[in-house]
Amino acid sequence: MKRSTGARCLIAATAVLALAACSSSGVGKTDANTPPKTITIGVSFDLLNATRQAEKSAIQDAATAAGDKVIFDVADSDAQKQASQIQDLIETQKVNAVIAIAQDGQQITSSISLAKAKSVPFIAIDRAVADQQDITFQITGDPVADGGLAAQEFTAASGTPLKVLELVGGLTDQNAIGRRDGFNAALKGNANVTIVSQVPTDWDPSKALDGTSNALQKNPGINAIFIPSDFLLPSVQSALKSAGRQAPIGDPKHVLIVTIDGDQNGCAALKGKTIDADIATLVSEFGKQAVGAADNAVAGKTVSPKTAQVKGLPLNQANFATTNAQVWGCAGS
């Protein structure tokens, strides 16, 4: 029996619709809820100094190993700029996750809320944030413990009683607060170590320089300095040099110095015997765990524990030769 042209067209159209129906049922199509095999991570840093360069490299290395892509922004110490950059990463560039070092632990709350609203995992590193409820993961150093470890280097010093100049970092930063509090608590009641001056720096090298210079003039008996970040070490060294007080270990004019971070400045000063100890932050662990948390969260896995702290590694003149290879800033030392 012959079929009309119209009948043949109807059969063909029916076949096409049947195929379309099979396709829409999921055959040969990726489920919209299936996590991407390769994710894009938006990374937002407060600034870019030696420590941040090491943290950036750690994130990039971990992301490369996982097959992830990274988009990197730096806020130049501007909390509003950081908020705008994170908004762009989430809403315009459509990143799958955000890793951030907050310029201001309080102000970044709005960015964390935006990430939650858009179902984008938010991972905080290095600096604790105020909004602990809505973050996916947070990994930092242990600032209180690191301040205590720095204090131990002062109490271990024998001989002349120590009159300490203590520099304090930015008070919007939990690292600065924790290092200060840990240092002060560990020295409480120690008759041989006295804090005679505190200098607020707001993590500003020029304030550290001016404050140290003024303190040395007002308190000529200062013979020890606690610096809460190697970032400020060059400023302190400049102030000591101008005051005629910079001298290597073993020289009667030497000022005992302990710092925190383990960057190139600290490692070089330890090697040159111009500072006594440095509590090194293990930043490679930050990048590894942050990227792992991002991958797990995007894949729909539970990230647990939600927060982690990594205690610093003490470097001093006694163990520098055997321990410096573990410290990011000491490569080549």
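Residues numbered from 1 in each chain as written. Predicted model: local features only at pLDDT ≥ 70, side-chain atom pairs only at ≥ 80, totals over all residues. Heavy atoms only, no water.

Considerations on the pattern of salt bridges
Thinking step 1. Evaluation of the coordinates by the stated rule reveals 11 salt bridges.
Thinking step 2. For arginine 52, the salt bridge goes to aspartate 46, with nearest N and O atoms at 2.7 Å. The same class applies to arginine 52 as to aspartate 46, namely buried.
Thinking step 3. Between arginine 52 and glutamate 55 there is a salt bridge, with the nearest N and O atoms lying 3.0 Å from each other. Of this pair, arginine 52 and glutamate 55 both sit in helix 2 (residues 50-66), 3 residues apart, which is roughly one turn of the helix. Neither residue differs from the other here; arginine 52 and glutamate 55 are each classed as buried.
Thinking step 4. Overlapping salt bridges, with partners in common, bring together Asp46, Arg52, Glu55, Asp126, Arg127 and Asp173 in one network. (Salt bridge = Lys/Arg side-chain N within 4 Å of Asp/Glu carboxyl O. Buried < 20%, exposed > 50% of the residue type's maximum accessible area, 1.4 Å probe, protein only. Helix = DSSP H or I, 4+ residues; strand = E, 2+ residues; numbered from the N terminus.)

Things to note about the pairing of strand 7 (residues 193-200)
Regular strands have side chains that alternate between both faces of the sheet.
Thinking step 1. Two elements, strand 6 (residues 162-168) and strand 7, share 7 bridges in a ladder whose sense is parallel. Note that in strand 7 the partner of valine 164 across the bridge is isoleucine 195.
Thinking step 2. Handedness of the crossover joining strand 6 and strand 7 through helix 6 (residues 174-187) is recorded here as right-handed. (Pairing = 2+ DSSP bridges. Right-handed = clockwise from strand over helix to strand, strands pointing away.)

So, the nonpolar core
Thinking step 1. Counting 27 residues, the largest nonpolar core has Leu165, Leu167, Ile225, Ile227, Leu240, Ile257 and Val327 as its most contacted members.
Thinking step 2. Among the nonpolar cores identified, the runner-up in size contains 25 residues, and Ala62, Ile123, Val291 and Val298 belong to it. (Core = buried A, V, L, I, M, F, W, Y, C linked by side-chain atoms within 4.5 Å.)

A word on the sheet that holds strand 8 (residues 224-227)
Thinking step 1. In space, the 6 strands of this open sheet follow the order 7-6-8-9-10-12, with mixed pairing throughout. Strands with a single pairing partner mark the edges of an open sheet, and in this sheet they are strand 7 and strand 12 (313-316). Here the average twist between neighbouring strands, direction ignored, is 20°.
Thinking step 2. With respect to the sheet, helix 6 is in contact with strand 6, strand 7, strand 8 and strand 9 (256-261), its orientation differing from that of strand 7 by roughly 160°.
Thinking step 3. Running over the sheet, helix 9 (residues 264-271) touches strand 10 (277-280) and strand 12 and is turned about 145° from strand 10. (Axes fitted to C-alpha atoms, helices over the stretch in contact; angles between N-to-C directions. Contact = heavy atoms within 4.5 Å.)

A few points about the state of the cysteines
Each disulfide consists of a covalent bond between the sulfur atoms of two cysteine residues.
Thinking step 1. Per the counting criterion, the structure on display carries 1 disulfide.
Thinking step 2. Through a disulfide, cysteine 267 is tied to cysteine 330; the S-S separation comes to 1.8 Å. Because the sign of the S-S torsion sets the handedness, a value of about -75° for the bond joining cysteine 267 and cysteine 330 places this disulfide among the left-handed ones. With cysteine 267 in helix 9 and cysteine 330 in the segment after helix 11 (320-323), this residue pair connects regions lying 63 residues apart in the sequence. One exposure class covers both cysteine 267 and cysteine 330, and it is buried. (Disulfide = S-S within 2.5 Å.)

Topic: the side chain of arginine 179
Thinking step 1. Turning to its location among the elements, arginine 179 is positioned in helix 6.
Thinking step 2. A relative accessible area of 7% means that arginine 179 is categorised as buried.
Thinking step 3. Once residues lying within four places of it in the same chain are set aside, the contact partners of arginine 179 are Pro143, Val144, Gly147, Trp203, Phe226, Pro228, Ser229, Ile260, Asp261 and Thr281.

Here's the deal with the packing of aromatic side chains
Thinking step 1. Tallied over the full model, the rule gives 3 aromatic pairs.
Thinking step 2. Relative to phenylalanine 72, the ring of phenylalanine 45 has its centre 5.0 Å away and its plane inclined at 80°; by these criteria the two rings are edge-to-face. On the criterion of sequence distance, the pair formed by phenylalanine 45 in strand 1 (residues 40-45) and phenylalanine 72 in strand 2 (residues 69-74) is long-range, its members being 27 residues apart.
Thinking step 3. Judged by its relative accessible area of 0%, phenylalanine 45 is buried.
Thinking step 4. The rings of Phe154, Phe183 and Phe226 are connected pair by pair, giving a single aromatic cluster.
Thinking step 5. Over the face of the ring belonging to phenylalanine 72 we find lysine 56, whose NZ or CZ atom lies 4.3 Å from the ring centre. (Phe/Tyr/Trp six-rings, centres within 6.5 Å; stacked < 30°, edge-to-face > 60°. Lys NZ or Arg CZ within 6 Å of the ring centre and 35° of its normal.)

Some details on the pairing of strand 6
Thinking step 1. Counting buried residues along strand 6, 6 of its 7 residues qualify, which places the element largely inside the surrounding structure.
Thinking step 2. Here 3 bridges tie strand 6 to strand 8, and the two strands are oriented parallel to one another. Looking at the pairing, leucine 165 lines up with isoleucine 225 of strand 8.

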